[in-house]
Amino acid sequence: VIGNKANSVIEKLNITEKVEKPTIIIDYAHRAVKNGQIDHGAEGELKGRVYYEDDIANDISFKVGKRLEAEGFNVLYTRNISGFCSLRDRKEFCKNNKHDLYLSIHLNSCENSNTAHGTEAFSNDRKELANKIVNRLVKDHRFTKRYVNEDKFYCKDVGGDLLLEVSYINHEKDLLYTLNHKDSIAESIADEIIKNTYKTLMTRGMKGCYVFCTDKK
């Protein structure tokens, strides 16, 4: 039972079996130290100001995490939002922590600015969820849908991998929209994770009727 009304629902239905909370690992993107330099990811420019991928993506990740925590999820983070973490440490963290989903949110970039735009995702184990999140971003925010493909990045080695490229940081329209709608983008991502959680609960071999509740009231 997940949601703000979980306790009251359990009492009314006299449910005694404990349902294990789904665990989501959220990876705050980039911020590894390479040759003494901090990896901030891709960058884009808007009206003379430079924006870095890690700042935008990590803010969205933070908002997703807080929404999931509010709905009863167990949320783990690969690092402190202002800290640093190597790719090796991220993989090791995942190996040492049982999880249902590993979510790494990024912003994409292309060689020539303003030539590519839209949202895409990479996953080996969570393709169905990845596709639903991409479709939700397209529906709610009118991003162009690019594709959902096999994960070819570092997180392909961890279970439950889902790497999401929200938009293109070096496409001015994508960047401007993302900067102005980080809250609602995070809501769209979190909502799709929440809506699909019942499948995770059912695959744990539990019997009987379970209530899925996301009512904020």
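Parameters at a glance
Residues numbered from 1 in each chain as written. Predicted model: local features only at pLDDT ≥ 70, side-chain atom pairs only at ≥ 80, totals over all residues. Heavy atoms only, no water. pLDDT = per-residue confidence, 0-100. Helix = DSSP H or I, 4+ residues; strand = E, 2+ residues; numbered from the N terminus. Buried < 20%, exposed > 50% of the residue type's maximum accessible area, 1.4 Å probe, protein only. Lys, Arg positive; Asp, Glu negative; His and termini not counted. Salt bridge = Lys/Arg side-chain N within 4 Å of Asp/Glu carboxyl O. Contact = heavy atoms within 4.5 Å. Pairing = 2+ DSSP bridges. Core = buried A, V, L, I, M, F, W, Y, C linked by side-chain atoms within 4.5 Å.

Quick notes on the confidence of the model for the protein
So, step 1. On average, the protein scores 85 in pLDDT, and the residues at 70 or more come to 82%.
So, step 2. For the protein, helix H1 (residues 6-13) is the element with the lowest average pLDDT, namely 50, and helix H5 (residues 172-180) is the one with the highest, namely 98.

Focus on unusual backbone geometry
So, step 1. Its identity as a non-glycine residue notwithstanding, Lys47 has a phi of 50°, on the positive side.
So, step 2. Looking at where Lys47 falls in the secondary structure, it is placed in the loop between strand E4 (43-46) and strand E5 (49-52).
So, step 3. Overall, the relative accessible area of 85% leaves Lys47 in the exposed class.
So, step 4. Unusually for a residue other than glycine, Asn114 sits at a positive phi of about 65°.
So, step 5. Within the secondary structure layout, Asn114 lies in the loop between strand E7 (101-108) and strand E8 (119-122).
So, step 6. Look at Asn114 and you get partly exposed, because its relative accessible area is 39%.

Considerations on the side chain of Asp174
So, step 1. Position of Asp174 relative to the elements: it lies in helix H5.
So, step 2. It is Arg146 that comes nearest to the buried, bridge-free Asp174 among opposite-charge side chains, at 8.1 Å.
So, step 3. Beyond its immediate chain neighbours, meaning those up to four positions away, Asp174 contacts His117, Gly118, Phe143, Ser167 and Tyr168.

A few points about the pairing of E5
So, step 1. Sheet analysis places E4 next to E5, joined by 4 bridges and oriented antiparallel. Across the sheet, the residue bridging to Glu45 is Val50, located in E5.
So, step 2. Hairpin connection from E4 to E5: 2 residues lie between these consecutive antiparallel strands, with Lys47 at a positive phi of about 50°.

A word on the nonpolar core
So, step 1. Core analysis: the largest hydrophobic core is formed by 35 residues, its most contacted members being Val64, Leu68, Leu162, Leu164, Ile189 and Ile193.
So, step 2. Listing elements by their share of this core, those giving two or more residues are strand E1 (23-27), helix H2 (53-70), E7, helix H4 (127-141), strand E10 (161-168), H5 and helix H6 (182-195).
So, step 3. The biggest single contributor to this core is H6, with 6 residues.
So, step 4. Counting 8 residues, the second-largest nonpolar core is a separate cluster that includes Ile25, Tyr154, Cys155 and Leu163.

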